[in-house]
Number of protein chains: 2
Amino acid sequence: MYAPERQQQILRLARDGGRVDVLSLAEEFQVTAETIRRDLKALDRAGLVRRVHGGAIPVGRLDFEPDLAERESTAADEKDRIAKAALAELPAEGTVILDAGTTVARVAAAIPLEASLTVVTHSLPIAARLADHPGIQLHLVGGRVRHRTRAAVDAWALRAYGEIRADVLFVAANGFSAGHGLTTPDLAEAAVKRAAVAAARRVVLLADSSKHGQEHFARFGSLDDVDLLITDSGLSPEDTAAVEAGGTEVVRA
Amino acid sequence: MYAPERQQQILRLARDGGRVDVLSLAEEFQVTAETIRRDLKALDRAGLVRRVHGGAIPVGRLDFEPDLAERESTAADEKDRIAKAALAELPAEGTVILDAGTTVARVAAAIPLEASLTVVTHSLPIAARLADHPGIQLHLVGGRVRHRTRAAVDAWALRAYGEIRADVLFVAANGFSAGHGLTTPDLAEAAVKRAAVAAARRVVLLADSSKHGQEHFARFGSLDDVDLLITDSGLSPEDTAAVEAGGTEVVRA
DNA sequence: CCCGTTCGTGCCCGTTCATGCCCGAACCCG
DNA sequence: CGGGTTCGGGCATGAACGGGCACGAACGGG
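A brief look at the structure comes next. Quick caveat, the model's predicted, so the values are computed rather than measured.

**Regarding the protein's contact with DNA strand D**
Neighbouring residues of DNA strand D: 18 residues in total, closest A:Arg37, A:Gly54, B:Arg37, B:Arg51 and B:Gly54. Backbone atoms, meaning sugar and phosphate, make up 82% of the atoms of DNA strand D lying within 4 Å of the protein. The separation between a phosphate oxygen of DNA strand D and a polar side-chain atom of B:Lys41 is 3.4 Å. In this structure, B:Gly54 approaches DNA strand D through a main-chain N or O atom, which is 2.7 Å from a phosphate oxygen. Elements with a contribution of two residues or more to the surface near DNA strand D: α2 (22–29), α3 (33–45) and β2 (49–52) of chain A together with α2 (22–29), α3 (33–45) and β2 (49–52) of chain B.

**Let's talk about the pairing of strand β5 (residues 117–121) of chain B**
All names here are of chain B. With 4 of 5 residues buried, β5 lies mostly within the body of the structure. Note that strand β4 (residues 95–98) and β5 share 4 bridges and pair parallel. Directly across from Ile-97, in β5, lies its bridge partner Val-120. Handedness of the crossover is the feature at issue here: the chain leaves β4, passes through helix α6 (residues 102–110), returns alongside β5, and the resulting connection is right-handed. In the sheet, β5 pairs with strand β6 (residues 136–140) via 5 bridges, with the strands oriented parallel.

**Focus on the sheet that holds strand β6 (residues 136–140) of chain A**
Spatial ordering of the open sheet is given by β15(A)-β14(A)-β12(A)-β9(A)-β4(A)-β5(A)-β6(A)-β7(B)-β8(B), a layout of 9 strands whose pairing is mixed. Each edge of the open sheet is held by one strand with a lone partner, namely β15 (249–252) of chain A together with β8 (152–153) of chain B. Seen against the sheet, helix α6 (residues 102–110) of chain A touches β4 (95–98), β9 (166–172) and β12 (200–206) of chain A and runs at an angle of roughly 110° to β12(A). Against the sheet, helix α10 (residues 237–245) of chain A makes contact with β14 (228–231) and β15 of chain A, and its axis sits at roughly 150° relative to β15(A), the strand it touches most.

**Examining the packing of helix α1 (residues 3–17) of chain B against α3(B)**
Residue and element names in this part refer to chain B. One way to put it is that α1 packs onto α3 with a least axis distance of 10 Å and a crossing angle of 75°. One element, α1, and the other, α3, form an angle in the roughly perpendicular class. Of the residues in α3, those in contact with Arg-6, Gln-7, Ile-10 and Leu-11 of α1 are Thr-35, Ile-36, Asp-39, Leu-40, Ala-42 and Leu-43. Class assignment for the residues of the contact of α1 with α3 results in 6 nonpolar, 2 polar and 2 charged.

**Observations regarding the interface of chain B and chain A**
The interface of chain B with chain A comprises 51 residues on the first partner and 42 residues on the second. Of the roughly 4200 Å² buried where chain B meets chain A, counting both sides, 58% is carbon and sulfur surface. Seen at the junction of chain B and chain A, the total is 4 salt bridges. Across the salt bridge formed by B:Arg150 and A:Asp132, the nearest N and O atoms sit 3.6 Å from each other. Counting across the chain B and chain A interface gives 16 residue pairs in polar contact (both at pLDDT 80 or more). A per-class count over the side of chain B that touches chain A returns 24 nonpolar, 11 polar and 16 charged. In the sheet, strand β7 (residues 143–145) of chain A pairs with β6(B) via 2 bridges, with the strands oriented antiparallel. Residue pairing for β6(B): A:Gly143 is matched across the bridge by B:Leu140.

**Here we look at α3(B)**
All names here are of chain B. Helix length check: α3, at 13 residues, gives a terminal C-alpha distance of 18 Å against a target of 18 Å (1.5 Å per residue), a fit within 8%. All buried positions along α3 are accounted for by Ala-33, Ile-36, Asp-39, Leu-40 and Leu-43. Looking straight down α3, one finds that the buried residues subtend no more than 120° of arc, so they occupy a single side. Set apart from the buried face of α3 by more than 90 degrees, the exposed residues are Arg-38 and Arg-45. The secondary structure elements touched by the buried residues of α3 are α1, β1 (20–21), α2, β2 and β3 (55–58). Looking one or two residues beyond α3, the residue adopting positive phi is Gly-47, at roughly 80°.

Quick notes on the rules
- Residues numbered from 1 in each chain as written.
- Chains lettered and ligands numbered in written order.
- Predicted model: local features only at pLDDT ≥ 70, side-chain atom pairs only at ≥ 80, totals over all residues.
- Heavy atoms only, no water.
- Near = heavy atom within 4 Å.
- Polar contact = N/O pair within 3.5 Å; in protein donor to acceptor, adjacent residues only side chain to side chain.
- Helix = DSSP H or I, 4+ residues; strand = E, 2+ residues; numbered from the N terminus.
- Buried < 20%, exposed > 50% of the residue type's maximum accessible area, 1.4 Å probe, protein only.
- Pairing = 2+ DSSP bridges.
- Right-handed = clockwise from strand over helix to strand, strands pointing away.
- Contact = heavy atoms within 4.5 Å.
- Axes fitted to C-alpha atoms, helices over the stretch in contact; angles between N-to-C directions.
- Parallel < 35°, antiparallel > 145°, perpendicular 65-115°, else oblique.
- Nonpolar A, V, L, I, M, F, W, Y, C, P; charged D, E, K, R; others polar.
- Buried area = accessible area lost by both parts, 1.4 Å probe.
- Salt bridge = Lys/Arg side-chain N within 4 Å of Asp/Glu carboxyl O.
- Expected span 1.5 Å × (residues − 1).
- Arc of directions from axis to C-beta.

Laid out in structure tokens, this is it:
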């Protein structure tokens, strides 16, 4: 195994477990502790983990965002299936907008290496993930960055989306239903989502079934705006029918 | 088999398997390891794989910054000292623009947790690093993202910098001297740097001494634009005097 | 058809890199 | 404040690297 591969794995382990320690890693990878120390130092230098005595802690989990870790694991399986299904909606070539959110991030991570796309996003983690993808022309939407979601919002973001037109938008919502439409807890973020919806010819909503019926503070659209909903099999047939009655296609991954 | 065919095959193998190694490829294609190395170097230059000791990994498989980690090793010590010295130039509170570049990234990494600042940057890695910094209000400058530097450039970025005014800019340059001014290899990036310089009341140039006297394709300013140069002790006294003669303060960390 | 040029490849050899081992220093916990 | 643990710099080693050179095949202008 190559050093960078090992470091990548270590990073994964750190993020999954919230921490790693030198000796277990040495055992795990069948190398000496010195090598692990070197790896951790490299990751530390790259700003990905914070070195502590005996091990390391991934950055971003250091003092807050217990929320992110939790959400990452919540419904992981459903999200993976949804992301996989979403790949089928990627155009062979063209322009795609990717909203912020863990499910959309999985779609981004699953984009095949040989894909040739133009991608627009206001999500920092998604941009970071796609930045070295050889086939992707990446356009970053700027703005004030919200700590919680690491997504850009406000004037710059709104204006940027106002100036473009994309083939497909993959958008996430914290709550959706035929009655309440699409909602999210933050007003600024809702405004950006609304702008993104307006910028796309085709709107694909990615939301696991637990989001159905939920209603949050800020509304950014109705189900009518959505051409396709990709969700999991947890969405009841009646709810599915209700959504489809509004003209939205539904895929239950 | 022709070289490009072989390289295409290698790329396929790399993407399928997630990794390739020099010796097996040499065996597989019945050529020597040198030839494989040349192929991998070509693929590396094309940005399709990332070269590692003993083999290569397809780009996109690692989500941490490859060339960043690599370039970290070059003059790492000087860069650390420069970054440390740069911290003294951070205002207690106010607005700071951070240019892209490894040295500036070190400054970003070294910003104390209790700092309370507004930071503007068009660098993806720097933004990612600061996104979860509790005291920092982060503003991301959007634009087309260059693969090599992971920095946003072009119209959106230029306009964003045209609309703001910051207290301090920390800027990097690939080459600097009293005669040739500040230069960098990429035109688009030079334009963004120029816009950033114009947006800042005080310009701090971070450049290790190896950059002095170098001249690259695109010029984005002269040393007159720079209020303070932070470099390392490798800058000769005469060169230092020449820079200072132009009215630029010099700190040799 | 000839011959100088270019390109791909192989071989050689000094250099660099990743890793492991060692040991004094720093650190953590009780 | 003491004992055990961890750290990190220095050194050694074997593998990988890469620049330089040479050879042969393909190329291309005359």
